[in-house]
Amino acid sequence: MNLTESKVQFLESLADRTRLRIVEALREREKTVSQLVQELGATQSNISGHLRLLKISGIIKSRQEGKYVYYSLSSSAIADFLTKLEDMLAVMRREALEGA
């Protein structure tokens, strides 16, 4: 897979409201499926499906502890990317307001 395809796959993985909310929730700390279900108000099967896709795309990782599976971001670079995205969106909004 070339760099462009990797970028597309990464962005497509985040281009879903539920998956983005999962990633945002995991920015804070690692969580179980049950914690994510409660926090996001979605069904377990829905969250599990999104977690599977995020894991395949390399955005999250998991670890098992006893009967629980904990999910977390695969890299601090993911949280950094989200922070930079937020900063970029704030600049774009500010510039749009200044230009209006």
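Owing to the predicted nature of the structure, the values given are computational and were not obtained by experimental measurement.

A. Fine view of the pairing of strand E2 (residues 68-73). The pairing of strand E1 (residues 60-65) with E2 spans 6 bridges and is classified as antiparallel. Opposite Lys61, over in E2, you have Ser72 as the bridge partner.

B. Expanded view of a nonpolar patch on the surface. Judged by side-chain polarity, Leu85, Met88, Leu89 and Met92 come together as a nonpolar surface patch covering roughly 330 Å² of accessible area. For Met88, a relative accessible area of 43% corresponds to the partly exposed category.

C. Representation of the packing of helix H2 (residues 17-28) against helix H4 (residues 44-56). Close contact between H2 and H4 brings their axes to 10 Å; oriented N to C, the two are set at 75 degrees. The orientation of H2 with respect to H4, classified from their angle, is roughly perpendicular. Between H2, through Thr18, Arg19, Ile22 and Val23, and H4, the contact on the second element is made entirely by Asn46, Ile47, His50, Leu51, Leu53 and Leu54. Of the residues belonging to the contact of H2 with H4, the class tally is 6 nonpolar, 3 polar and 1 charged.

D. Summary view of the packing of H2 against helix H3 (residues 33-40). Following both chains from N to C, one finds H2 and H3 inclined at 115 degrees, their axes separated by 11 Å at the closest point. Taken together, the axes of H2 and H3 are roughly perpendicular relative to one another. Crossing geometry of H2 relative to H3 is assigned as right-handed. In contact with Thr18, Arg21, Ile22, Ala25, Leu26 and Glu28 of H2, H3 contributes Leu36, Glu39 and Leu40.

E. Inspection of H3 at higher detail. For H3, every residue scored as buried is listed here: Val33, Leu36 and Leu40. Mapping the buried residues of H3 onto a view down its axis gives an arc of 65 degrees, with all of them on the same face. Buried residues along H3 sit against H2, H4 and E2. The first or second residue beyond H3 is Gly41, which carries a positive phi of 70 degrees.

F. Expanded view of the packing of aromatic side chains. One pass over the structure, following the stated rule, counts 1 aromatic pair. Consider the rings of Phe10 and Phe81, whose centres lie 5.1 Å apart with planes at 85 degrees: the pair is edge-to-face. Taken together, the positions of Phe10 in helix H1 (residues 3-14) and Phe81 in helix H5 (residues 76-99) put the pair 71 residues apart, joining distant regions of the chain. Classification of Phe10 as partly exposed rests on a relative accessible area of 22%. Residue Phe81 is classed as partly exposed on the basis of its relative accessible area of 30%.

About the cut-offs
Residues numbered from 1 in each chain as written. Predicted model: local features only at pLDDT ≥ 70, side-chain atom pairs only at ≥ 80, totals over all residues. Heavy atoms only, no water. Pairing = 2+ DSSP bridges. Helix = DSSP H or I, 4+ residues; strand = E, 2+ residues; numbered from the N terminus. Patch = residues over 30% accessible without salt bridge, like charges linked within 9 Å, V, L, I, M, F, W, Y side chains within 5 Å. Areas by Shrake-Rupley, 256 points an atom, 1.4 Å probe, with all protein chains shown as cover. Salt bridge = Lys/Arg side-chain N within 4 Å of Asp/Glu carboxyl O. Buried < 20%, exposed > 50% of the residue type's maximum accessible area, 1.4 Å probe, protein only. Axes fitted to C-alpha atoms, helices over the stretch in contact; angles between N-to-C directions. Parallel < 35°, antiparallel > 145°, perpendicular 65-115°, else oblique. Contact = heavy atoms within 4.5 Å. Nonpolar A, V, L, I, M, F, W, Y, C, P; charged D, E, K, R; others polar. Left-handed = near helix turned anticlockwise from the far one by under 90°. Arc of directions from axis to C-beta. Phe/Tyr/Trp six-rings, centres within 6.5 Å; stacked < 30°, edge-to-face > 60°.

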